[in-house]
Amino acid sequence: MVDNKSPYFNPERETLTREGIEALQLERLQATVKHCMNSPFYKKRFEEMGLKPEDIKSLDDVRKLPFTTKQDLRDTYPFGIASVPLRKCVRLHSSSGTTGNPTVILHTQKDLDEWANQVARNLWMVGLRPDDVFQNSSGYGMFTGGLGFQYGAEKLGMLTVPAAAGNTLRQIKFIKDFGTTALHAVPSYVTRIYEVMQQTGVDPRKDTKLRVLAIGAEPHSEEQRKRIEAMLGVKAYNSFGMSEMCGPGVGFECCEQNGLHFWEDYYIVEIVDPETLEPVPDGEIGELVLTTLQREAMPLLRYRTRDLTRVLGRTCPCGRNHIRLDRMRGRSDDMIVLRGVNIFPIQIEKILMQFPELANNYLITLTTDNDNDNMTVEVELEELFTDDYQRLLDLEKNIKRALKDEILLTPHVKLVAKGTLPVSEGKAVRVVDKRKVYQ
Ligand code: AMP
Ligand code: ZN
């Protein structure tokens, strides 16, 4: 039983010293590499490289290991990377956002138990206890945000409401009727919930008991988080998940909200230059690479997440020494290159969110007009003020100027009425690329 008064769900693991973390990591890494020899994919790769599990003698030796990519998962679709026979597996998930062969992730019962522990640890970390009521607005299916949070919240001992995705009116009814204190939602959907609350006269502060939000699964800016907190009168914590690693629970913010703790008893965290694949110094942005340390069905070595982030620190006032990473700054593969300029959609979002006149929903469209590549940013207005045309023009001009400062080129800006842009109930689609492909 976990002590209700303890700030830690698993005090022994969460408060490990750096030495303690590293000792555990080395032991787990060696066991993982050995176990990977049961995977036809890794066995072959080790043979090709002339590498043996015994070659891993220190934590630094992780760099001797081969990288694994999403393409590897696709190439070995469906079961070719697994390190256990299929009969030992009890669950299959599939990663979102891919084209072609999906990527399949297998779990043994032990994997599922550990995953639930990870999620429970995170939710405990932000102050949730068995008396809380947890509502999950993720889809319950192949997407890991559904079942992942369900089992974790149950493990913690909360009354857990599998509201699932969509049906915002019902979502709000549940929040009110069941006394929901904590909600998991993708950030773009929180805005939608708030809009419908406004339309139906629900005041989240007076009419609900909401106090904690877990927001994640898609990139968002600090400004967007602050808005969500102000809208609902809650604390919103960034939650990083990835199906290949298990799902939600990989990294989560503590009450300090100073970056995401990535759990180093479960993963070895590396940040590398996406071009050279060499490690970058702490504080510099690079690609997040993760090696699983506890996974049984499908351990992955040096998995290239394509997510860009940086190390913020390895200590924290909360008492946890697990590495702290910055919120994701984009992906090494969603970068927009427009007229030779590299742009991350999150940069644009950051600017838009600084304008109180703007609502949260926006869409970036890339087009080729007369052989010129252009960017149009459509963004919804918080409230329409069509009677004041000059004010609209000024606002547009100011947004353009601010965007130019940030991304070094001036996009077209279109201010549209709230509710005009498409709203997805899963991950938001922020970029539509209609440019000509040059042969
Ligand atoms: P999935 O395949 O559905 O598990 O999606 C995993 C991907 O979602 C990650 O590689 C990230 O690109 C993105 N993601 C998940 N959580 C976050 C978060 N908190 N912030 C930014 N991106 C996230
Ligand atoms: Zn902390």
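Bear in mind that the values here come from a model prediction, so they are computed numbers and not experimental data.

Reading guide: rules and limits
Residue positions within a chain follow its written sequence, with the count starting from 1. Chains and ligands are labelled by the order in which they are written, letters from A for the one and numbers from 1 for the other. Totals for whole chains, interfaces and linings use every residue, but because this is a predicted model, local features are given only for residues with pLDDT of at least 70 and side-chain atom pairs only at 80 or more, for both listing and counting. Hydrogens and water molecules were not included; the side-chain quantities draw on all heavy atoms of the structure. The salt bridge definition used is simple: a Lys or Arg side-chain nitrogen within 4 Å of an Asp or Glu carboxyl oxygen. For helices the rule is a DSSP run of H or I covering at least 4 residues; for strands it is a run of E covering at least 2, with both sets numbered from the N terminus onward. When accessible area is computed with a 1.4 Å probe and restricted to protein chains, residues below 20% of their type maximum are described as buried, those above 50% as exposed, and intermediate ones as partly exposed. For Na, K and Ca the donor cut-off is 3.2 Å, while for other metals it is 2.8 Å, and in both cases only N, O and S atoms qualify; water is not among them, so sites may look incomplete. Ring pairs are drawn from Phe, Tyr and Trp, using the six-membered ring of Trp, whenever the two centres fall within 6.5 Å, and their geometry is named by plane angle: stacked under 30 degrees, edge-to-face over 60, tilted for the rest. Two conditions define a charge sitting above a ring: the NZ of Lys or the CZ of Arg must be within 6 Å of the ring centre, and it must be within 35 degrees of the ring normal. What is meant by a nonpolar core is a set of buried Ala, Val, Leu, Ile, Met, Phe, Trp, Tyr and Cys residues, joined one to another through side-chain atoms within 4.5 Å. The contact criterion used is simple: two residues touch if any of their non-hydrogen atoms lie within 4.5 Å. Domain borders in the structure are assigned automatically or taken from a domain database. Once two parts are joined, some of their accessible surface, as seen by a 1.4 Å probe, is lost; buried area is that loss totalled over both. We define a polar contact as two N or O atoms separated by no more than 3.5 Å, with the added condition that, inside protein, one atom must be a possible hydrogen donor and the other a possible acceptor, whereas residues neighbouring each other in sequence contribute only through side-chain atom pairs. Residues were grouped as follows: Ala, Val, Leu, Ile, Met, Phe, Trp, Tyr, Cys and Pro as nonpolar; Asp, Glu, Lys and Arg as charged; and all remaining residues, including Gly, as polar.

### Things to note about the pattern of salt bridges
Move 1: Across all of its chains, the model carries 25 salt bridges by this definition.
Move 2: Lys350 is paired through a salt bridge with Glu406; the nearest N and O atoms lie 3.6 Å apart. Separated by 56 residues along the polypeptide, Lys350 in helix α11 (residues 345–352) and Glu406 in helix α12 (residues 389–407) bring together distant segments of the chain.
Move 3: Residue classification places Lys350 among the partly exposed residues on the basis of a relative accessible area of 32%.

### Looking at the coordination of the zinc ion (ligand 2)
Move 1: Around the zinc ion (ligand 2), the protein contributes the donor atoms Cys254 (SG), His261 (NE2), Cys316 (SG) and Cys318 (SG), which lie 2.1 to 2.3 Å from the metal centre.
Move 2: Along the chain, the residues that donate to the zinc ion (ligand 2) are spaced as C-x6-H-x54-C-x1-C.
Move 3: Note on Cys254: relative accessible area 0%, which makes it buried.

### Describing the packing of aromatic side chains
Move 1: Counted under the stated rule, the structure contains six aromatic pairs.
Move 2: Ring centres of Phe134 and Phe149 lie 5.8 Å apart, and the angle between their planes is 20 degrees; on these two criteria the pair is classed as stacked. Here Phe134 is found in strand β3 (residues 133–136), whereas its partner Phe149 is found in helix α6 (residues 144–156), with 15 residues between them in sequence. The pair Phe134 / Phe149 is uniform in exposure class, with both members buried.
Move 3: Lying over the aromatic face of Trp124, Arg129 brings its terminal NZ or CZ to 3.9 Å of the ring centre.
Move 4: Above the ring of Phe67, the side-chain terminus of Arg302 is found at 4.1 Å from the ring centroid.

### Comments concerning the nonpolar core
Move 1: Within the largest apolar cluster, 68 residues are counted, with the highest numbers of intra-cluster contacts made by Tyr42, Leu65, Leu123, Leu128, Phe262 and Leu288.
Move 2: Take this core: its biggest share by element is seven residues, from helix α5 (residues 109–125).
Move 3: In this view, Phe262 contacts Phe240, Val250, Gly251, Val269, Leu288, Leu290, His322, Ile323, Leu325 and Met328; residues no more than four positions away in its chain are not counted.
Move 4: Core analysis: the next-biggest nonpolar cluster, separate from the first, contains 26 residues, Leu358, Tyr362, Val377 and Leu392 among them.

### Examining the domain arrangement of the protein
Move 1: According to the domain assignment, the protein contains domain 1 (1–331) and domain 2 (336–438).
Move 2: The C-alpha-based centres of domain 1 and domain 2 are spaced at 30 Å.
Move 3: Contact with domain 1, which involves 25 residues of that partner, is made by 20 residues of domain 2.
Move 4: The junction of domain 1 with domain 2 conceals about 1,700 Å² of combined surface from both sides, 50% of it contributed by carbon and sulfur atoms.
Move 5: One can count zero salt bridges joining domain 1 with domain 2.
Move 6: Counting across the domain 1 and domain 2 interface gives five residue pairs in polar contact (both at pLDDT 80 or more).
Move 7: Listed by contribution, the elements that provide at least two residues to the side of domain 1 that touches domain 2 are α8 (187–199) and α10 (222–232).
Move 8: If one sorts the elements of the side of domain 1 that touches domain 2 by residue count, α8 sits on top with six residues.
Move 9: When the residues that make up the side of domain 1 that touches domain 2 are grouped by side-chain class, the tally is seven nonpolar, 11 polar and seven charged.

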